[in-house]
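Letter by letter, the chains look like this.
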Amino acid sequence: MKKIFSILLVSLGLTAFSQQVESIETILNDKISIRAIELYDYRVWYSGTDSKFGFVDLKDYKNQKQIRLSEDKLQFRTLAQDKTSFYAINIESPARFFKIDKKDLKTQIVFKDTAKTAFYDALHFVNDKLAYTFCDSDKDHLLKLAVYKNGKWSMFKNNVSLNDGEAAFAASNTNISSTKKYLWIATGGKASRILRMNLKEERIEIFNTPIIQGESSQGMYSIDFFEDRFGIAVGGDYTKQDANVNNIATTNDGGETWQIQASGQNTGYTTCVKIKPGSKGKEIIAVGDKHISYSSDFGKTWKKISDEKGFFVCQWIDGNSVVLAGNNRIAVMKLKF
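In this report, we go over the structure that sits alongside the text. Predicted model, so just to flag it, every value in this text is computed and none were measured.

### Here we look at the pairing of strand 17 (residues 193-198)
Most of strand 17 sits inside the fold, with six of its six residues counted as buried. Taking every second residue as pointing to the same face, both faces of strand 17 are buried, with Arg193, Leu195 and Met197 on one and Ile194, Arg196 and Asn198 on the other. Across five bridges, strand 15 (residues 182-186) lies against strand 17 in antiparallel orientation. Of the residues in strand 17, the one forming a bridge with tryptophan 184 is arginine 196. With six bridges joining them, strand 17 and strand 18 (residues 203-208) adopt antiparallel strand pairing. From the neighbouring strand, methionine 197 faces strand 18, where its bridge partner is isoleucine 204. In this antiparallel pair of consecutive strands, strand 17 and strand 18, the connection spans four residues, and glutamate 202 shows a positive phi of 55 degrees.

### Focus on the sheet that holds strand 17
Spatially, the four strands line up as an open sheet ordered 14-15-17-18, and their pairing is antiparallel. Here the strands that pair on one side only, and so sit at the sheet edges, are strand 14 (176-178) and strand 18. Taking each pair of neighbouring strands and ignoring which way they run, the sheet shows an average axis angle of 20 degrees.

### Focus: the environment of phenylalanine 312
Inspection of the secondary structure puts phenylalanine 312 in strand 27 (residues 311-318). Ignoring sequence-local partners within four residues, the contact set of phenylalanine 312 consists of Ser33, Ile34, Arg35, Ala171, Ser172, Thr271, Cys272, Val287, Asp289, Ala325, Gly326 and Asn327.

### Re the sheet that holds strand 8 (residues 107-113)
Taken in spatial order, the four strands make up an open sheet running 5-6-7-8, and their pairing is antiparallel. Because the sheet does not close on itself, it has two edges, and the strands there are strand 5 (80-81) and strand 8. Where strand 5 and strand 6 (residues 85-89) come together, two bridges link them in antiparallel fashion. Bridge pairing links alanine 80 to tyrosine 87 in strand 6.

### Observations concerning the packing of aromatic side chains
The tally for this structure, following the rule as stated, stands at 24 aromatic pairs. Above the ring of phenylalanine 86, the side-chain terminus of lysine 102 is found at 5.2 Å from the ring centroid. Here the guanidinium or amino end of arginine 196 rests over the ring plane of tyrosine 182, the centre of that ring lying 4.3 Å away.

### Some words on the nonpolar core
If you look at the biggest cluster of nonpolar residues, it comprises 29 residues, and the most contacted ones within it are Ile285 and Ile330. Secondary structure elements with two or more residues in this core: strand 1 (20-40), strand 2 (43-48), strand 24 (284-288), strand 25 (291-295), strand 27 and strand 28 (321-336). Excluding anything up to four places from it in sequence, isoleucine 330 contacts Glu25, Thr26, Ile27, Leu28, Ile34, Val44, Tyr46, Val323, Leu324 and Ala325. One finds Val126, Leu143, Val147 and Ile176 within the second-largest nonpolar core, a separate group that totals 18 residues.

Rules and cut-offs
Along every chain, residues carry numbers that run from 1 in the direction the sequence is written. Local features in this predicted model are restricted to residues whose pLDDT is 70 or higher, and side-chain atom pairs enter the listing and the counts only when it is 80 or higher, whereas totals over whole chains, interfaces and linings include all residues. Neither water nor hydrogens contribute to the side-chain values; these are computed over all heavy atoms in the structure. Here the term buried applies to any residue with accessible area under 20% of the maximum for its type, exposed to any over 50%, and partly exposed to those in between, with areas from a 1.4 Å probe on protein chains only. Here a strand is any run of E in DSSP of at least two residues, a helix any run of H or I of at least four, and the numbering for each starts at the N terminus. Strand pairing is assigned whenever DSSP identifies at least 2 bridges connecting the two strands. Every axis corresponds to a line fitted to the C-alpha atoms, with the helix fit spanning only the stretch in contact, and the corresponding angles, defined between N-to-C directions, vary from 0 to 180 degrees. Contacts are assigned to residue pairs that have any heavy atoms within 4.5 Å of one another. Only Phe, Tyr and Trp rings take part, Trp by its six-membered ring, and two of them pair if their centres are within 6.5 Å. Stacked means planes under 30 degrees apart, edge-to-face means over 60, and tilted covers everything else. Whether a charge sits over a ring depends on NZ of Lys or CZ of Arg being within 6 Å of the ring centre and within 35 degrees of the ring normal. The term nonpolar core refers to a set of buried residues drawn from Ala, Val, Leu, Ile, Met, Phe, Trp, Tyr and Cys, joined through side-chain atoms within 4.5 Å.

The following block contains the structure:
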């Protein structure tokens, strides 16, 4: 009996000290929609609408800078980096691949895709020498990727076919994830599947998922992986944001099979998911247009920790703080455990 009582006390203690929001502080207010962020030099860097690109210093929020990547009013929903530069691609055709020097912020266009259907959904660096970006396919439904290799961008040749109406969502620049061995891409729409590339062999496998799909607004919006086995996918239907059935799934075999989690018991449509560093996949944060949610059990159950609205993308700064970005602002959220 004493042992059982001790276990109950421990359980109650863990519940009492579960994650809570200590503060959410806005660090940038601007007329902008931000769906892609990167952390570098203890600054949060962003790209967004109206060709805007810039940073906010996380040590001194007043230290910020913003430039325009183009005189045209382009929309950017991608951003990635290597050691020396940032890269961003506008979503309209022609798609221009911008390279921004980290030292002086000088920009240059290093690649173009002039196809009328060009619409790049996510950009991801595996390492400083290798990157991939995923584009909606042409009428032939072939998988369309561009690859950065040996210092240059080019189209990635493959014969992978996508289904009719299968595309992706440029919701948070997070439908691509990687480890040293694999690259994963999440599709959405009328079909929502996982494409897994063995990076050494450049061989692509396709796996079905039980995530809600079938309509152009449904499917996976964001994925994240810990090492080669555990991964999480989130999404839903942006036209029915309160719907919460079959919109979260996890895998324990590298994306080959997926298990629905918390169906009917989560906060609904979600655009970005990030595993907490050092948690080995156990602790996860997720944001949607109407919520910020947290899981402390590998995505099996979720707790809404904030009703803050208008955030599309998030990224861990450290184990206790997260940067959030979206509609007209960037904020820093501090958590206590």
